[in-house]
Structures are given as C-alpha cells and as structure tokens.
Amino acid sequence: MTVYFTKEHEWIRVEGDTATVGISDHAQEALGDIVFAEAPEAGRQLTKGKEAAVVESVKAASDVYAPVSGEVIEGNPAIADDPAIINRDPEGEGWFFKVKLSDTGELDGLMDEGAYRDWVKTL
Amino acid sequence: MSKEVHNGPTDETQARGTPYSGDPQGGAGTEQPTLDKLPLDSWHREHGGRMVPFAGYEMPVQYEGIIAEHLWTRENAGLFDVSHMGQLLIHGRDADSALEKLLPGDLQALGDMKPKYSLLLEENGGIVDDLMITRRGADFYMVVNGATKDGDIDYLRRRLPGEVIVDYMKELALLALQGPRAAEVLETIIPGVGDLTFMQGGPFAWQGHNLWISRSGYTGEDGYEISVPAAAAADLADAIVAHEAAKPIGLGARDSLRLEAGLPLYGHDIDAETTPVMAGLNFAINKRRRADGGFAGALRILAELENGAAQTRVGFDVEGRQPVREGALVLDGEGNEVGRITSGGFSPSLQRPIAMGYVATSLAPIGTPLKLEQRGKLFDAKVAAMPFVPHRYYRKGAA
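Not measured: the values here are computed from a predicted model.

Time to look at the overall build of chain B. When you go through chain B residue by residue, the secondary structure sums to 9 helices and 21 strands. Computed over the C-alpha atoms, the radius of gyration of chain B is 21 Å, within 12% of the 21 Å expected from 2.2 N^0.38 for a compact globule of 399 residues. Referenced to the eigenvectors of the C-alpha coordinate spread, the extents of chain B come out at roughly 60 × 55 × 50 Å. Each of the 399 residues in chain B was classed as buried or not, and the buried ones make up 51%.

See below:
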C-alpha cells in the first residue's frame with residue numbers, strides 16, 4: 001500500500017489497481033467547517049484533472065478533482081450524511097471515493113507523504 | 001481541489017490564487033493591494049485569529065471555527081472587532097436639515113442618544129451605504145461600512161454645505177459584544193450599561209477612557225457596540241474575554257449570524273442598484289419624510305412606496321443540504337429568470353441552507369415555490385419569512 005499526495009491537496013491510497021481518494025488534513029483545515037460533500041457514484045468514469053466530487057464549507061464551495069483516471073467503485077455515503085467527518089478524520093473515515101485505476105502510470109510524479117507534508121509547510 | 005464559489009463578506013479570503021485554491025503558483029503575479037492593520041491586529045493573532053484581507057484590512061475570519069463561534073454567540077457572548085467601520089462625527093450649523101437631503105431619516109425629530117438605522121442615497125434612489133446615526137447633542141455620530149467609508153466621506157463632504165463638517169474619527173476602535181449574555185458580561189466591566197435598552201446609547205468611562213456605547217448590533221441578538229480609543233482597545237478586549245461567557249468571534253460567524261437575522265449586507269444584498277423599497281427597508285423612511293420628501297432619490301422612492309417596486313428582497317428556505325450562494329439565479333416554474341441570490345449559506349443554528357435575494361414582487365409572498373440555479377444544478381426553494389432566527393433584542397418592558 002502506498003499513499004500519494006497532489007498539489008491540489010488530495011491523497012490517493014493505492015492497493016493493487018484500486019485507489020482510495022480524499023482531501024488532506026491541510027485542505028480540511030484551510031476549508032474550515034465542512035457542511036456539504038458529494039461523492040461520485042459507482043460506475044462513473046473519472047478523468048485525471050477533471051471534477052470528481054464537491055466539498056463545501058461554511059465559506060466556500062470547492063471541486064475535488066480526480067487525481068487519477070478510472071472507474072468509481074464506491075463513493076463514501078458517510079460524507080454526505082455527516083460532512084463534518086471530513087474535518088474530524090480527513091485522511092481516514094472522511095475518504096471520498098474508491099476508483100479502479102485505468103493507468104497506474106498516472107501515479108508517477110505524485111508526492112509521497114513526506115514530500116507533501118514538507119511542501120505544505122512552505123505554503 | 002479548487003475553490004470555485006465564495007460567500008459573503010469574506011470573499012477576498014477565497015479568491016482564486018490563494019495558496020489553498022489549487023493554483024500551484026499560489027497567486028504569484030497577481031497584484032496584492034496594501035492592507036492596513038487594525039488597532040487589535042496583534043491581539044487577534046495572539047488569540048489564534050486566522051487573518052484574511054477584508055475591506056482593505058487584515059481581519060480575523062475565524063478563531064476556533066465559524067460554526068462553533070456562531071453557536072457561542074447565540075448562546076453566550078461574542079466579541080467582534082469592527083474597527084474597519086468608519087466612525088464619523090458630523091457637526092455644524094443645521095447639520096440635521098443638511099443631512100436630511102441625503103438620508104431619508106427624520107433627523108430633526110431624532111431623540112438624543114437614540115441610534116437609528118438609515119441610508120445614504122443617490123439621486124436615482126440607489127443606496128450609497130447603510131449606516132447607524134445618533135444625535136449626540138448638536139452633533140451626529142455616524143457609523144458607516146468599512147469598505148465604503150472613503151466613498152461615503154467624499155460623498156458627504158461634496159454634498160453637504162461648507163459649514164457642516166465631517167470628521168473621520170480614525171483614532172477610535174469599534175468593538176461589538178453580542179449574545180444573550182452580553183449584558184451580564186459588560187455590566188461587570190462597565191457598570192450601568194445594563195440600563196440601556198435596544199437602540200439606546202450613552203457616554204461611559206472605563207479606566208479613564210471615554211467610551212460611547214449603544215445597545216445595538218448586527219446579529220439579531222441583544223448586545224452592544226462600543227466605541228473606544230484605539231490605544232485602549234486591546235485592554236478592553238482583554239477585560240471582556242476574561243469573562244467565561246465571552247469569546248472572540250470572526251467575520252465568518254458575523255456573516256452567518258446576520259444572514260440568519262435577515263439583515264442585509266451592503267455590497268451584496270443592497271447597493272447602488274437597489275432602492276430602500278426594493279430592499280424592504282421602508283421602516284427607514286418615516287411619516288414626515290414620506291409626506292415631505294426632499295431627500296436624494298425621493299422621486300423614485302416615494303413612487304415605489306406608493307406603487308411597490310418591481311423587485312423585492314426576500315428570504316429563501318433551500319431544500320437539501322447544499323448551500324446556495326450569492327450569484328445563483330432564481331427561476332420561476334417555467335424556468336424564466338425572475339431574480340438572483342445576493343447572500344446564501346449554511347445556517348449553523350438551523351443546520352440547513354438559507355439564502356436571501358431579489359425576486360419579481362409578484363413572486364415575493366411567503367411560501368412561493370421557486371427554483372434556484374447554481375453551477376448548472378437546480379434546487380427547490382420557497383420564499384421564507386425573515387428573520388430566519390428570531391431577533392432577541394432587549395426592549396423596554398420586555399424583560
């Protein structure tokens with residue numbers, strides 16, 4: 001299992017050809033109180049860099065971009081029922097969706113956890 | 001992740017190009033205007049305030065979190081720094097009748113030390129700003145919005161006769177203490193404030209400093225606005241938050257509180273394109289001024305009072321959980337655009353989305369079903385009574 005991060009503050013946990021995607025602790029902290037989240041439905045085809053999900057805090061609405069391409073296996077129903085779960089546990093229970101990777105090569109060039117945490121400190 | 005839509009008075013915090021917007025350049029290359037510092041700048045930072053650009057200042061958008069701060073203010077007492085607002089003293093011969101040419105309030109009959117909500121108007125009836133004005137003896141104390149104060153001062157100086165002087169009292173800070181425990185907290189620091197009733201003010205002294213305090217605010221709760229010399233503001237803020245019922249509250253909760261209270265925000269819900277009648281602010285024009293006119297925009301405004309305005313400001317209950325924000329369109333049952341959302345968001349007290357905006361007056365009755373369109377998505381909504389959360393002002397004989 002390997003975890004990657006993007007400069008758009010998403011994390012991708014890869015197991016075989018399956019990836020779980022969410023937003024980083026830094027992202028939830030920056031957004032503040034999250035009041036709405038919408039994960040993609042199973043079966044939807046995601047394209048790297050295109051909209052995949054929506055997250056809204058009291059102050060702002062944001063799109064979550066697909067960090068990798070592939071077919072959605074499962075959206076997390078818990079984030080729609082209790083969006084604050086993303087604030088409480090962004091890199092665990094607050095995951096957004098699982099996707100079957102169509103091109104593992106897309107993972108090349110993403111940051112590992114150490115590189116991401118170091119980079120965030122420079123922001 | 002990228003921010004797309006922003007909300008309310010803290011727009012600038014969410015502008016594209018901030019480090020959190022997904023712009024890898026972090027906004028490099030975009031011009032950053034110089035920001036002024038509030039008298040309490042370092043106080044906010046010491047108390048964990050997240051500072052953002054607003055109205056030309058760095059201001060705290062939140063401390064511990066907007067929802068927690070919002071609910072704290074509804075249950076206890078919240079301390080807001082609103083020193084970005086302009087505190088003006090207007091004085092000189094016949095200042096009242098001179099001001100009445102620009103404002104629709106009855107300033108000649110205005111009781112001493114009784115703040116009144118009023119509006120600075122354009123000749124075409126549009127709103128230059130909304131404000132609070134208080135007669136203090138022969139002078140008028142006026143509090144105007146932060147983002148508009150420079151324009152207001154220019155407008156007042158240009159339009160008032162030479163013998164009426166507009167002083168911008170830069171050396172004063174302005175704090176607001178709001179919430180059901182505000183009186184209990186402030187009375188321990190400044191004895192006597194508990195005797196004020198809603199929309200009543202007075203001079204007070206604290207540790208040798210002259211204060212001006214009125215029982216008023218922008219949250220729908222009981223509370224006070226406190227004008228204090230900038231040099232003493234941090235000490236006073238310390239004394240207030242030393243009370244276990246008081247906490248500092250940021251701009252984010254200020255916006256969600258005033259939205260629940262149904263109060264318009266200048267630059268969003270009212271502006272130069274809206275009139276007092278469209279905005280439902282008819283109460284700011286009293287009987288004598290309606291009969292006599294003689295204020296900027298009277299021609300249009302008196303006609304609208306008589307016949308109604310084409311558009312009206314209303315509240316909306318929005319179905320579902322997703323906030324519908326400023327800029328969303330209002331559609332009728334046939335999909336025609338009949339208005340626009342001017343403020344909207346998630347109500348922490350009601351735990352659901354609420355909004356405010358304009359619709360064709362024929363569609364303004366409470367309960368009218370309408371659709372809202374935001375980023376290509378349709379939402380069911382109904383025209384709702386405002387305030388969304390009842391006001392709890394401290395009125396004479398009420399407590």
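That was the structure; now back to the text.
Turning to the overall build of chain A, a few remarks are in order. When its secondary structure is counted, chain A shows 4 helices and 10 strands. Tracing chain A from N to C terminus, the helices and strands come up as β-β-β-α-β-β-β-β-β-α-α-β-β-α. The globule rule puts the C-alpha radius of gyration for 123 residues at 14 Å, and the 13 Å found for chain A is close to it. For the C-alpha atoms alone, the extent of chain A along its principal axes is close to 35 × 35 × 20 Å. Within chain A, the proportion of its 123 residues that are buried is 46%.

This part is about the sheet that holds strand E1 (residues 2–5) of chain A. Residue and element names in this part refer to chain A. In spatial order, the strands read E5-E8-E9-E3-E2-E1-E10; together these 7 strands make up an open sheet with antiparallel pairing. Every other strand in the sheet has two partners, leaving strand E5 (45–46) and strand E10 (111–112) as the edge strands with one partner each. Note: E1 against strand E2 (residues 10–15), 4 bridges, orientation antiparallel. From the neighbouring strand, valine 3 faces E2, where its bridge partner is arginine 13.

Here we come to the packing of helix H2 (residues 66–75) of chain B against helix H7 (residues 251–260) of chain B. Between two packed helices, both the angle of their axes relative to each other and the distance between the axes serve to describe the pair. Residue and element names in this part refer to chain B. Their axes nearest at 8 Å, the elements H2 and H7 cross at an angle of 55 degrees. Judged by the angle between their axes, H2 and H7 are oblique. Two packed elements cross with a definite hand, and for H2 against H7 that hand is right-handed. For the pair H2 and H7, contact is made by Ile66, Glu69, His70 and Thr73 and by Gly252, Ala253, Ser256 and Leu257, respectively. Considered class by class, the residues forming the contact of H2 with H7 number 3 nonpolar, 4 polar and 1 charged.

Residue and element names in this part refer to chain B. Core analysis: the largest hydrophobic core is formed by 134 residues, its most contacted members being Leu121, Met142, Leu175, Leu177 and Leu372. Among the elements that take part in this core, strand E11 (residues 172–178) stands out by supplying 6 residues, more than any other. Leucine 372 has contacts with Val318, Val324, Ala328, Leu329, Val330, Ile341, Phe379 and Ala381, leaving out every residue within four places of it along the chain.

With that out of the way, let us pick up the pairing of strand E7 (residues 60–65) of chain A. Residue and element names in this part refer to chain A. Most of E7 is tucked away: 5 of the 6 residues are buried. Here strand E6 (residues 51–57) runs beside E7; their pairing, made up of 5 bridges, is antiparallel. The partner of alanine 53 across the bridge, within E7, is valine 64. Connecting the antiparallel pair E6 and E7 is a turn made up of 2 residues.

To continue, consider the confidence of the model for chain B. For chain B, per-residue confidence averages 92 on the pLDDT scale, and residues scoring 70 or more make up 91% of the total. Across residues 8–29 of chain B, confidence stays below pLDDT 50; counting only partners more than four residues off in sequence or on other chains, it has 44 contacts.

A few words on the environment of B:Ala242. Among the structural elements, B:Ala242 can be located in the loop between helix H6 (230–241) and strand E15 (246–248). Look at B:Ala242 and you get exposed, because 11 C-beta atoms sit within 10 Å.

Turning our eyes to something else, we now look at the environment of B:Phe316. All names here are of chain B. Among the structural elements, phenylalanine 316 can be located in strand E16 (residues 311–318). For phenylalanine 316, a count of 27 C-beta atoms within 10 Å puts it in the buried group. As a C-alpha pair, phenylalanine 316 and glycine 344 span 28 residues in sequence and 8.8 Å in three-dimensional space. Aside from chain neighbours lying at most four places away, what touches phenylalanine 316 is Ile354, Ala355, Gly357, Ala381, Lys382, Val383 and Ala384.

For the rest of this paragraph, the subject is H7(B). Residues and elements named next belong to chain B. In terms of residue burial, H7 counts as a mostly covered element, since 10 of its 10 residues are buried. Listed as buried for H7 are Leu251, Gly252, Ala253, Arg254, Asp255, Ser256, Leu257, Arg258, Leu259 and Glu260. Elements that come into contact with the buried residues of H7 comprise strand E3 (50–54), strand E4 (57–62), H2, strand E5 (77–81), strand E18 (337–347) and strand E19 (352–360). Phi turns positive one or two residues past the end of H7, at glycine 262, with a value near 75 degrees.

Sheets are built from strands that pair by backbone hydrogen bonding, the pairs being arranged parallel or antiparallel. All names here are of chain B. Pairing is antiparallel around the closed barrel formed by 6 strands, whose spatial order is E16-E19-E18-E17-E20-E21. Neighbour-to-neighbour, the strand axes of the sheet open up by a mean angle of 40 degrees, direction not taken into account. Here 7 bridges tie E16 to E19, and the two strands are oriented antiparallel to one another. Bridge pairing links glutamine 311 to alanine 360 in E19. Contacting E18 and E19, H7 crosses the sheet at an angle of about 125 degrees to E18.

Each value, and the rule that gives it
Residues numbered from 1 in each chain as written. Chains lettered and ligands numbered in written order. Predicted model: local features only at pLDDT ≥ 70, side-chain atom pairs only at ≥ 80, totals over all residues. Helix = DSSP H or I, 4+ residues; strand = E, 2+ residues; numbered from the N terminus. Rg over C-alpha atoms; globule rule 2.2 N^0.38 Å. Buried ≥ 20, exposed ≤ 12 C-beta atoms within 10 Å, placed from the backbone. Pairing = 2+ DSSP bridges. Axes fitted to C-alpha atoms, helices over the stretch in contact; angles between N-to-C directions. Parallel < 35°, antiparallel > 145°, perpendicular 65-115°, else oblique. Left-handed = near helix turned anticlockwise from the far one by under 90°. Contact = placed C-beta atoms within 7 Å. Nonpolar A, V, L, I, M, F, W, Y, C, P; charged D, E, K, R; others polar. Core = buried A, V, L, I, M, F, W, Y, C linked by C-beta atoms within 7 Å. pLDDT = per-residue confidence, 0-100.

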